[in-house]
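In case you want the letters, here they are:
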Amino acid sequence: MKKIFGAKKNKDPPPSIQDATDRITKRGDTVDEKIKRLDAELARYKEQIKKTRPGPAQEAVKARAMRVLKQRRMYEGQRDMLYNQTYNLDQVAFAAEGLKDAQQTMTAMKAANKELKGMMKTVKLDDIDSMQDEMMDLMDVSHEIQETLGRSYNVPDDIDEEELMGELDALEADMDFESESVPSYLQPDQESELNLPAAPTGHAAVPPHQQQEDDLGLPTVPQASIRT
């Protein structure tokens, strides 16, 4: 059957925007080269017109120059058209890239949304509230335990502060009375120390009428009575 009707040919894929842009840019470069050659030819004709005298020869050079100018204008129009096509392709490429970025962004957001929904199923607000209430109760119990452990055994909790202040005032009054009952000569001077005599240093001299004693407390024999 394929031999009779012929096989269906596979179509080539359409060119991409980058391929079309490269092709048009290449054509534009070719047109630019042609315009440069025409510019050089026009410069040469301009010099010939300056050198020739007015007449048929000069008119012939001007006619060739006019033909070159027409070609140059045509190529300039083609170059402008190619530049416009390249600009349009660049705009399309920019829009296509923007759509691709938006598509990728949407895909990423959908995946993240699905993941968040799965995580939300495992976390419930009621569980969080109950956990917070339980933590508050545990903190209160811990505070009570700390207060209980830090309670003093010697000081009762039901002591009246006014009663304590009365006892303190009475104690201060007793201390003032005791300080007033002590004689003035027994009270320490706040400005200077008592002028007491200095303590003696070395061995004290024994009066001549008093007999000396040895280490055992017995009277010592005078040196003069000892015979040598």
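Here the structure is shown first, and the text comes after it.
These numbers were taken from a predicted model, which means no experiment stands behind them. (Residues numbered from 1 in each chain as written. Predicted model: local features only at pLDDT ≥ 70, side-chain atom pairs only at ≥ 80, totals over all residues. Heavy atoms only, no water.)

Visitor: Describe the overall build of the protein, naming the residues involved and giving the relevant values.
Guide: In terms of regular secondary structure, the protein is built from five helices and zero strands. Residue burial in the protein is summarised as follows: out of 228 residues, 8% are buried. Put simply, of all contacts in the protein between residues at least 6 apart along the chain, 61% involve residues at least 24 apart. Looking at the protein as shown, the accessible area adds up to about 21,600 Å², and 57% of this sits on carbon and sulfur atoms. (Helix = DSSP H or I, 4+ residues; strand = E, 2+ residues; numbered from the N terminus. Buried < 20%, exposed > 50% of the residue type's maximum accessible area, 1.4 Å probe, protein only. Contact = heavy atoms within 4.5 Å. Areas by Shrake-Rupley, 256 points an atom, 1.4 Å probe, with all protein chains shown as cover.)

Visitor: Please set out helix α3 (residues 56–122) residue by residue, giving values where relevant.
Guide: Between the first and last C-alpha of α3 there are 100 Å, a value that for 67 residues agrees with the 99 Å anticipated at 1.5 Å per step. What α3 keeps buried is the set Q58, V61, A65, V68, Y75, E76, L82, T86 and L89. (Expected span 1.5 Å × (residues − 1).)

Visitor: Kindly report on a nonpolar patch on the surface, identifying the contributing residues and their values.
Guide: Among the surface-exposed residues, V123, L125, I128, M131, M135 and L138 lie close enough to one another that they form a single nonpolar patch of about 570 Å² accessible area. Summarising the element assignment, M135 is placed in helix α4 (residues 125–149). (Patch = residues over 30% accessible without salt bridge, like charges linked within 9 Å, V, L, I, M, F, W, Y side chains within 5 Å. Salt bridge = Lys/Arg side-chain N within 4 Å of Asp/Glu carboxyl O.)

Visitor: Any chance you could break down the packing of helix α2 (residues 17–51) against α3 for me, citing the residues and the numbers?
Guide: Interaxial distance between α2 and α3 falls to 8 Å at its minimum, and their mutual angle equals 160 degrees. Classified by the angle between their axes, α2 and α3 sit roughly antiparallel to one another. Considering only the axes of α2 and α3, their crossing is left-handed. Here the residues of the contact of α2 with α3 sort into 19 nonpolar, nine polar and 11 charged. (Axes fitted to C-alpha atoms, helices over the stretch in contact; angles between N-to-C directions. Parallel < 35°, antiparallel > 145°, perpendicular 65-115°, else oblique. Left-handed = near helix turned anticlockwise from the far one by under 90°. Nonpolar A, V, L, I, M, F, W, Y, C, P; charged D, E, K, R; others polar.)

Visitor: Which residues make up a negative patch on the surface, and what values do they have?
Guide: Among the surface-exposed residues, D126, D127, D129, D133, E134, D137, D140, E144 and E147 lie close enough to one another that they form a single negatively charged patch. With respect to the element layout, E147 can be found in helix α4. (Lys, Arg positive; Asp, Glu negative; His and termini not counted. Charge placed at Lys NZ, Arg CZ, Asp CG, Glu CD.)

Visitor: Go over the packing of aromatic side chains, please, and point to the residues and values.
Guide: Using the criterion set out here, one finds zero aromatic pairs in the structure. A cation sits over an aromatic face here: R44 above Y45, 5.6 Å from the ring centre. (Phe/Tyr/Trp six-rings, centres within 6.5 Å; stacked < 30°, edge-to-face > 60°. Lys NZ or Arg CZ within 6 Å of the ring centre and 35° of its normal.)

Visitor: With reference to specific residues and values, describe the side chain of T86.
Guide: Inspection of the secondary structure puts T86 in helix α3. On the accessibility criterion, T86 (16% relative accessible area) is buried.

So far we have only geometry, and geometry alone does not tell us how the molecule works.
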